[in-house]
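# Coordinate inspection notes
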Amino acid sequence: MTAEWHRTHVAIVDDQDMVRAGFRMIVESEPGLVVVGEAASGADALTMVSRTRPDVTLMDIRMPGELNGLDVTRQLLGTGSPTRIVILTTFDTDDFLYAALDAGASGFLLKNSPPERLLEAIRTVAAGDALLEPTVTTRVIAEFGRRRPLAGTDTDTWTLTERERDILRRVASGCSNAEIARSLFLSQATVKTHVAHILTKLGARDRVQLVVKAYESGFVRPGHEQ
Amino acid sequence: MDLRRSLGFGSVNRASASYAVSSPGEPCLITLGDDPSPSLLILQSESLAVEYAAQCGGVEALTRPGGVHPAVAPVVLWVLLVAEQLAVHPPGMLVAILGASAVAVALCARRSRPLASVLVVLAVVTVQAPLGVSTKDTSLPVLPVFWAIFLAFSALHGRQRLVGLAAVVVALTSGMLLDGGHVDLANLEHSALFAVALCLPAAITGTYVDSRHRYALALEEGARAREAQRRAETATAVAEERLRIARELHDVIAHGVGLMGVQAGAVRRRLRADQKDLASALLTVEETGRAAITELGHAVGVLRDPAGEMAPQPTLAQLRALVEAARESGQQVSLTLRGPHEDIPVGVGVTAYRIVQELLTNARKHARGNHVAVTVARGCEDLTIEALNATPSAGRGRRGPSPGGHGLIGIRERVATYGGSVEITNADNTFAVTARLPITR
């Protein structure tokens, strides 16, 4: 019996031809990844993604026409598309970062990140985790820490166990699974399972959304580093 | 009102204008300083002349009424008075001639030192009567006093005027009371009427001339102030436009550099393990590119509008959409594209888009409802962008687009960035703007 070898399907959306060509070269240099579709505009991206159903979509945030990368992200995820979206941008500015997270993106990267990081992002996101630029993670946490909690979020309805609450606090502080495992004397697999449960209970899409919810609900307040 | 347009003048790029007023209500002369073909224009009133001069870019009053040398009139007066003395031979003739000379000299300085000349004239007149000059036989005291009163009202103000008038009173009293050195009270009544008859016309004429002069000064002042404000506004608009251009170009560059980095990274991935030096070189390309983009990001951030942009800089490919949007808002636009557009550099494409954008906005503001014909033609070594529209008929009360107006500053600045040229003509009821951008590869 041979194991089905599923290669990760990747779609590339960017208005510059040569950028798409460059990404295609990078992605296809990696065994286990294959490019299934390309698009140069928001409208084309919508049709392409629904046709090719990629696992991961690299999405340029800036595109001509009426739909930019964030619009497409919102529309795709709003209609329940299973693709996970990594937003790519030229400039590292906060404006787009939070909008991207709010839109439901799983990752946010600079277009000119080293190819190795791009590939790591695709693998991580395909596996269900979220990835942010390292410098960006701290900023996200700081920013969401500054935001006032949304009224009406009753954290008790989350029905988290004590252990899960511990883990959530650590996730909100930016700890990786390995770090959480070490600090709580658990195995990484256990931590991962707990995180998966927390995601479900909070209705969060991924780790990043978890951080967002933790701060917005007031569950974690700034200065609550664990 | 934009005089240049209503008078049918074409573009006047930079001119300093000076105007001369001949006399009230009469045509004025305008000369345009730096214009290659200097033209003389005759306008019907001084206020129009001042306004026109201001719009041309400079206000310099040339001369005031007459433009005659200040010594001419006093010399004429002297000749008259002396001739009269010699003809009539009244008592005290020599003193009178001396006095007339003194008066003439004093009056030569009436423009630069009005108060002094008035006082000297009146002093001479005052002193003459006790010295034996007859006030009845000749016009010697009359004309100088008349002139002095006129000056008191036309050239003196405030305290100086009071001083002058006081001197007039003294002079008149002396003249009325004394006659040839003798006090003559009978003369008084006769003279008083005469004095009034003398003073009133002089005062009225003087006041009139004074008010005209003040009016002209006020016009000039107003024109200068408006001119200064216009210059300041233009400078601001130019600066803002340059910021906009800089931001867009930095943005275009950043995306170009980004593209270079992605390609370099892609190639580096394909190298074999034994090609480490090649890999290292490409890594340098990538890292330098990242650093450059960071800095360009700072530049764009510093220069950008508060509202962030989520679309790349528009180029010729987006022209049709732009024209469509203009049509939807009610404008009549026709767009003609000529020549291959594929190999046009991004920066030139962005500039061309912005130029068309500005032309459409301009036409919407100033020639609403008229058809605009836009042509973008790719020539051998340049890109030509042209827009033609019919100008609204005169008298609609709209301010026409002036070549220095804010609407076209952007075009000039952008064209200048690329070393191109722009030509604006307004003739036969058609307003035409032609911009040329060189394309070098």
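Structural notes, computed from the coordinates.

Conventions and cut-offs
- Residues numbered from 1 in each chain as written.
- Chains lettered and ligands numbered in written order.
- Predicted model: local features only at pLDDT ≥ 70, side-chain atom pairs only at ≥ 80, totals over all residues.
- Heavy atoms only, no water.
- Helix = DSSP H or I, 4+ residues; strand = E, 2+ residues; numbered from the N terminus.
- Buried < 20%, exposed > 50% of the residue type's maximum accessible area, 1.4 Å probe, protein only.
- Contact = heavy atoms within 4.5 Å.
- Areas by Shrake-Rupley, 256 points an atom, 1.4 Å probe, with all protein chains shown as cover.
- Axes fitted to C-alpha atoms, helices over the stretch in contact; angles between N-to-C directions.
- Parallel < 35°, antiparallel > 145°, perpendicular 65-115°, else oblique.
- Left-handed = near helix turned anticlockwise from the far one by under 90°.
- Nonpolar A, V, L, I, M, F, W, Y, C, P; charged D, E, K, R; others polar.
- Core = buried A, V, L, I, M, F, W, Y, C linked by side-chain atoms within 4.5 Å.
- Polar contact = N/O pair within 3.5 Å; in protein donor to acceptor, adjacent residues only side chain to side chain.
- Buried area = accessible area lost by both parts, 1.4 Å probe.
- Salt bridge = Lys/Arg side-chain N within 4 Å of Asp/Glu carboxyl O.
- Pairing = 2+ DSSP bridges.

## As for the overall build of chain A
Across its full length, chain A carries ten helices and six strands. Considering chain A as a whole, with its 226 residues, one finds that 55% of them fall into the buried category. Put simply, 63% of the contacts in chain A that link residues at least 6 apart link residues at least 24 apart.

## Considerations on the overall build of chain B
Scanning chain B for helices and strands turns up twelve helices and eleven strands. Burial analysis of chain B (441 residues in total) assigns 42% to the buried set. Summing over all exposed atoms, chain B offers an accessible surface of approximately 22300 Å²; the carbon and sulfur share of this is 62%.

## With respect to unusual backbone geometry
All names here are of chain B. A positive phi angle, close to 55°, is found at Asp428, a residue other than glycine. In this structure, Asp428 sits in the loop between β10 (421-427) and β11 (430-438). Owing to a relative accessible area of 73%, Asp428 belongs among the exposed residues under this scheme.

## Regarding the environment of Ala189 of chain A
Assignment of secondary structure puts Ala189 of chain A in helix α9 (residues 188-202). C-alpha separation for the pair Ala189 of chain A and Asn177 of chain A, spaced twelve residues apart in sequence, amounts to 8.8 Å.

## With respect to helix α2 (residues 42-52) of chain A
All names here are of chain A. Looking at α2, one finds that the buried residues are Gly42, Ala45, Leu46, Met48, Val49 and Thr52. Summarising the contacts, the buried residues of α2 are in contact with β1 (8-13), β2 (33-39), β3 (56-60) and α3 (69-78). Positive backbone phi, approximately 45°, marks Arg53, located one or two places after α2.

## Some details on helix α7 (residues 162-172) of chain A
Residues and elements named next belong to chain A. Across the eleven residues of α7, eight count as buried, placing the element largely inside the fold. Burial in α7 covers these residues: Glu164, Arg165, Ile167, Leu168, Arg169, Arg170, Val171 and Ala172. After α7 finishes, the residue Gly174 shows a positive phi value of roughly 95°.

## So, the packing of α9 of chain A against helix α10 (residues 207-216) of chain A
Residues and elements named next belong to chain A. In the contact formed by α9 and α10, the axes pass within 10 Å of each other and the chain directions differ by 55°. The angle between the axes of α9 and α10 places the two elements in the oblique class. Our pair here, α9 against α10, has a crossing hand that is left-handed. Contacts between α9 and α10 pair Val195, Ile198, Leu199 and Leu202 from the former with Arg207, Leu210 and Lys213 from the latter. Here the contact of α9 with α10 is built from residues that sort into five nonpolar, no polar and two charged.

## Here's the deal with the nonpolar core
Residue and element names in this part refer to chain B. Grouped together as the largest cluster of nonpolar side chains are 35 residues, with contacts concentrated most on Leu107, Leu122, Val145, Ile149 and Leu172. Where this core is concerned, the elements lending two or more residues are α3 (72-88), α4 (93-108), α5 (114-128), α6 (142-154), α7 (158-177) and α8 (186-270). A total of eight residues in this core trace back to one element, the largest contributor, which is α6. Other than its neighbours up to four places away in sequence, Leu107 contacts Pro74, Leu77, Val121, Trp147 and Leu151.

## Some thoughts on the side chain of Thr434 of chain B
Relative to the assigned elements, Thr434 of chain B resides in strand β11. Polar contacts involving the side chain of Thr434 of chain B include one to the side chain of Glu386 of chain B, which spans 3.4 Å.

## Some details on the interface of chain A and chain B
Listed per partner, the contact involves 29 residues of chain A and 27 residues of chain B. Regarding the contact of chain A and chain B, the summed buried area is about 2500 Å², with carbon and sulfur atoms giving 60% of it. The largest contributions to the chain A side of the interface with chain B come from Arg62, Phe91 and Asn112 of chain A, which together make up 31% of the buried area. Counting the contacts that link chain A with chain B gives three salt bridges. A salt bridge links Arg62 of chain A to Asp251 of chain B; its shortest N-O distance comes to 2.6 Å. Scanning the region where chain A abuts chain B turns up nine residue pairs in polar contact (both at pLDDT 80 or more). For the side of chain A that touches chain B, the secondary structure elements donating two or more residues are α1 (17-28), α4 (94-103) and α5 (115-126) of chain A. Per-element accounting of the side of chain A that touches chain B gives the leading share, seven residues, to α1 of chain A.

## Overview of the sheet that holds β10 of chain B
All names here are of chain B. In space, the five strands of this open sheet follow the order β7-β8-β9-β11-β10, with mixed pairing throughout. Unpaired on one side and paired on the other, β7 (333-338) and β10 mark the two borders of the sheet. Pairwise comparison of adjacent strand axes, ignoring direction, gives a mean angle of 10° for this sheet. In this structure, β10 lies alongside β11, joined through seven bridges in antiparallel fashion. Bridge pairing in β11 places Ser421 opposite Arg436. Sheet contacts for helix α10 (residues 319-328): β7 and β8 (372-378); angle to β7, the most-contacted strand, approximately 170°.

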